[in-house]
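The residues making up each chain are set out below.
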Amino acid sequence: METKSQTKKSTTQKIESSEFREFFIDQLKDIYWAEKALHKALPKLMKASTSKKLAKAFEKHTKETEEQIGMVEQVFEMMGKKAQAKKCEAMEGLLNEATSVIEDTETDTYTRDAGLILAAQKVEHYEIASYGTLVIFAKHMGENQVAKLLQKILDNEKKTDVTLTEVAEGYVNERAAME
């Protein structure tokens, strides 16, 4: 009878060369595309912002997203793969929604900012779900260094979500409600 540690070791070995590992890589390609698309979209959200605080949050997130793209590229390298993007339909839809907010709201209004925050938080929650799952997948494959790097990105995404909530609750939502 195998011990628990023997079972875990043999399971990890199987996972390293399995469909699960390929699925992980596929999801990594998906989030890589998502990060690159977000990086292109954030300056547009920044420019559309009424609030200077919101614009600064988007500017900061643009820089962080650039760093995250680099970290995802490191993960690919750690996994012995070339960084490759695969179109992320979910992110494309979320970014289209952000564009709709801009098109459907008046310039220089807090209603627009409230909508931009809503759209940005939907993006953050998608990223949080994706990275959270990728961290767990990496751990199950015995890829602890990969898991640590992905956890760093996940922690950053959570901080961005908190920042957006603070801007919304600080004054944007209240001002939007008065417009």
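Here, residues in each chain are numbered from 1, in the same order as that chain's written sequence. Owing to the predicted nature of the model, reporting of local features is limited to residues with pLDDT of at least 70; listing and counting of side-chain atom pairs is limited to 80 or more, with chain, interface and lining totals taken over all residues. Where side-chain values are given, they derive from all heavy atoms of the structure, hydrogens and water being excluded.

**Student:** What should I look at first to understand the pattern of salt bridges in this one?
**Tutor:** Pairs can form between side chains of opposite charge whenever their charged atoms are close. Salt bridges are defined by distance alone: a side-chain nitrogen of Lys or Arg within 4 Å of a carboxyl oxygen of Asp or Glu. Using the criterion set out here, one finds five salt bridges in the structure. With its nearest N and O atoms 3.2 Å apart, the salt bridge here joins Arg 21 to Glu 143. Here Glu 143 lies in the loop between α5 (110-140) and α6 (144-178) and Arg 21 lies in helix α2 (residues 19-48), a separation of 122 residues in the sequence. For the exposure calls, accessible area comes from a 1.4 Å probe over protein chains only, and a residue counts as buried if that area is under 20% of its type's maximum, exposed if over 50%, partly exposed in between. Residue classification places Glu 143 among the buried residues on the basis of a relative accessible area of 16%. Here Glu 92 ties to Lys 87 by a salt bridge, and the two come within 3.0 Å at their closest N and O atoms. On the basis of relative accessible area, Lys 87 is assigned to the partly exposed category, the value being 38%. Secondary structure follows DSSP: runs of H or I at least 4 residues long count as helices, runs of E at least 2 residues long count as strands, and numbering of each begins at the N terminus.

**Student:** Would you mind showing me how to read the environment of Met 71 here?
**Tutor:** By the element assignment, Met 71 lies in helix α3 (residues 52-78). The contacts of Met 71, once residues within four sequence positions are left out, are Leu 149, Lys 152 and Ile 153. The contact criterion used throughout is that any non-hydrogen atoms of two residues lie within 4.5 Å.

**Student:** Would you take a moment to explain the nonpolar core for this structure?
**Tutor:** The nonpolar side chains of a soluble globular protein tend to be buried with one another. Throughout this description, the term nonpolar core refers to a set of buried Ala, Val, Leu, Ile, Met, Phe, Trp, Tyr and Cys residues connected via side-chain atoms within 4.5 Å. By size, the foremost hydrophobic cluster in this structure holds 53 residues, and its most contacted members are Phe 24, Leu 28, Phe 58, Leu 116, Tyr 131 and Leu 150. If you list the elements that add at least two residues to this core, you get α2, α3, α4 (89-104), α5 and α6. No other element matches α5, which puts 13 residues into this core. With near-sequence residues (within four places) excluded, Leu 116 lies in contact with Leu 45, Ala 48, Ser 49, Leu 54, Phe 58, Ala 98, Val 101 and Ile 102.

**Student:** Got a minute to help me understand α2 in this structure?
**Tutor:** Structural remark: α-helix, 3.6 residues per turn; residues separated by three or four positions point the same way. What a helix is expected to span follows from its residue count: subtract one and scale by 1.5 Å. Here α2 contains 30 residues, and its C-alpha end-to-end distance of 43 Å stays within 8% of the 44 Å for a straight helix at 1.5 Å per residue. Ala 41 marks where α2 bends most, by close to 30 degrees; the proline Pro 43 follows one to four residues later. In this structure Ser 18 caps α2, since a side-chain oxygen of it lies 3.0 Å from the backbone nitrogen of Phe 20. Two axes enter the definition of the bend at a residue: one is fitted to the seven residues ending there, the other to the seven starting there, and the bend is the angle between them. Two N or O atoms count as a polar contact when they lie within 3.5 Å, although within protein this holds only if one can serve as hydrogen donor and the other as acceptor, and sequence-adjacent residues are included solely when both atoms are side-chain atoms.

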